[in-house]
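Here's the letter readout for the chains.
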Amino acid sequence: MFEGMKSSSLLDRDPRLVDIMCSLDNAGKMPTGVASEIREAVALARRFNEAVARPYALELDRKMSEDPTYIPWDLVKEINRWGFYTAWIPKIFGGKGWNLGSITPVVEELCSVCAGIGNLIGVQYFGLSILFAGWNMRITDKVCREVVEGERSGEPCLVAGLVTEPGAGTDAEEVELLSKAKVRCHARRVEGGYVVNGTKVFISNGHVSTWHMLIAYEDLERPEETMILFAVKNGTKGFSFGRMEKKMGQKGCPASEMIFQDCFIPDEDVCISASQMKGLKRGAKGTGMQLIDFVVSLTRPGVGAMGAGVARGAYETALRFARETLVDGKPLVNHEWAQCLLAEMYANAALARLTYMECNHVNGLYGMASLLNMKPMYYYMRAVPTAVLDRFMPAVNAADATTRIFRKLVMDGQTEEEARRASGWASLSKFAATDLGIKNCQLAVEFMGRAGIRHDGWAEKFLRDSKLLQIYEGTNQLNRLNLFKCMIAPWVPEAQVFEE
Ligand SMILES: Cc1cc2nc3c(=O)[nH]c(=O)nc-3n(C[C@H](O)[C@H](O)[C@H](O)COP(=O)(O)OP(=O)(O)OC[C@H]3O[C@@H](n4cnc5c(N)ncnc54)[C@H](O)[C@@H]3O)c2cc1C
């Protein structure tokens, strides 16, 4: 029936192969070193889980429940010592330069024991991804080198991402909704910089961070056209920490309120402003949207990996219980119904993992750090010793021309179609994997019943931790709509998304 039709036109039909099987295109392009880096990174995470996270996770939850103002400095210092806070900082900024594709499997490992500790590590890269997204090479170099120095000195230097406000959550993270968002964090232009007023809430790691990547708006009536990104350091006059939230789960990771009252931020700490965005291909509004999209496309699969982690943790808890519990004179694990249920839970964790692994391929091809995945760049970075790069990169990064070149290459270089694919897959992973995580936690609790909850406390912990994942980085409902917008609506001419 299709005789005479070209294969390419068949493959371009909805669903387009290039949209639904990104791993196929990336497989040949992926540098061979990536696989061994992932193995090394996962091994390190497993070592850390055994030595630090597993013996401490339940005690940390108890401590935080008894005193929600407790700040887990001991743990932050230990994580710093293990090198997690600099591992994925590119070598051109002084970091270890591990491939970004190895973050998500590490996050899964960590969250298979404790999503709070997983977030205490993972969210460093939410803050850093906001810093990277502005492609201001001078400030990125400055902040990253302080993080690296913090690891060397034993005084952790963490980076937080400040987006959410009391009146704007999902809408501040969803490109189509920003124009309707009730944002209040205002930046007023003054001589030599900006004066910022406003409050940010639910900021992971806020109280333990040194640098704060702040998104504000020069005109609150037109936030989508006037976005501005600052790097704000602790101690800046007019910037203070507010309360720490008393959370139901992920207790080990502080969620902070951050307050800006007539806070002066000098021009040198502006990462990117609307006037700088105007010079780029998409203009101020389009580039602001691209900046958000860069961040969420990279970090929503990280939340997907957290979902995969809790799905696995719940499964492993149920399996342990089934091996240790006798029912009708034989181990529960030898009852057929229990085996079917455990197989279902195993499959849920595997499916959640597949979503974020596909996103790794998508981001490797089209995301904001795809440049680092190109074979010549990747091998050059691996071959050149950090000490050599450290000698000349700070000066190169400080030059305005470097920022201009990277913005042209990365921001103007990304096509709308590539952005759509990265954003759609990221949302898919975020909601699908976190829903699977919650499903497994509920299955584990049902499977084990009251006896199971008393068994060792882990099943209940996983359920508490998992619930928050549905909210984090835009609610799952909104991520479903973003997937519809990116992957379905282009083929449905009458579809109007985010219209209600
Ligand atoms: C564990 C955790 C860590 C976090 N860490 C950070 C952080 O480090 N930095 C940061 O900036 N933020 C952080 N957040 C905040 C998080 O990003 C927001 O909570 C999230 O974006 C959702 O926003 P919201 O809570 O205001 O809910 P809302 O967006 O107000 O959503 C509430 C409900 O309304 C629905 N809804 C909202 N808008 C629409 C619409 N237009 N159409 C239909 N339905 C809609 C949602 O689906 C949901 O059911 C964190 C949150 C959690 C839970």
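Structure first, text after, so check above.
Model, not experiment: these values are computed from the prediction.

Thresholds, definitions, all that
Residues numbered from 1 in each chain as written. Predicted model: local features only at pLDDT ≥ 70, side-chain atom pairs only at ≥ 80, totals over all residues. Helix = DSSP H or I, 4+ residues; strand = E, 2+ residues; numbered from the N terminus. Buried ≥ 20, exposed ≤ 12 C-beta atoms within 10 Å, placed from the backbone. Contact = placed C-beta atoms within 7 Å. Near = placed C-beta within 6 Å. Nonpolar A, V, L, I, M, F, W, Y, C, P; charged D, E, K, R; others polar. Domains from an automatic or database assignment. Axes fitted to C-alpha atoms, helices over the stretch in contact; angles between N-to-C directions. Parallel < 35°, antiparallel > 145°, perpendicular 65-115°, else oblique. Left-handed = near helix turned anticlockwise from the far one by under 90°.

1. Points about the overall build of the protein
In terms of helices and strands, the protein carries 20 helices and 10 strands. For the protein, the C-alpha atoms occupy an extent of roughly 80 × 70 × 50 Å along the three principal directions. Classification of the 500 residues of the protein by burial places 52% in the buried group. Long-range contacts, defined here as pairs at least 24 residues apart, represent 77% of the contacts in the protein between residues at least 6 apart.

2. Describing the site of the ligand
Residues in contact with the ligand amount to 24 residues; listed here are only the nearest, Val163, Thr164, Gly169, Thr170 and Thr475. Class assignment of the residues belonging to the shell around the ligand gives a composition of 12 nonpolar, 9 polar and 3 charged. There are two domains that each give the shell around the ligand at least three residues, and those are domain 1 (15-157 + 282-500) and domain 2 (160-281).

3. Comments concerning the packing of helix α7 (residues 115-122) against helix α12 (residues 283-324)
Running from N to C, α7 and α12 cross one another at 155 degrees; their axes reach a closest spacing of 11 Å. Classified by the angle their axes make, α7 and α12 are roughly antiparallel. Considering only the axes of α7 and α12, their crossing is right-handed. Across from Ala115, Gly118 and Gly122 in α7, the residues of α12 making contact are Gly302, Met306, Gly309 and Val310. Looking at the contact of α7 with α12 residue by residue, the class counts come to 3 nonpolar, 4 polar and no charged.

4. A short note on helix α6 (residues 103-111)
Most of α6 is tucked away: 9 of the 9 residues are buried. Those residues of α6 not exposed but buried are Ile103, Thr104, Pro105, Val106, Val107, Glu108, Glu109, Leu110 and Cys111. Elements in contact with the buried residues of α6: α4 (33-66), α7, α8 (124-133), α12 and α13 (336-366).

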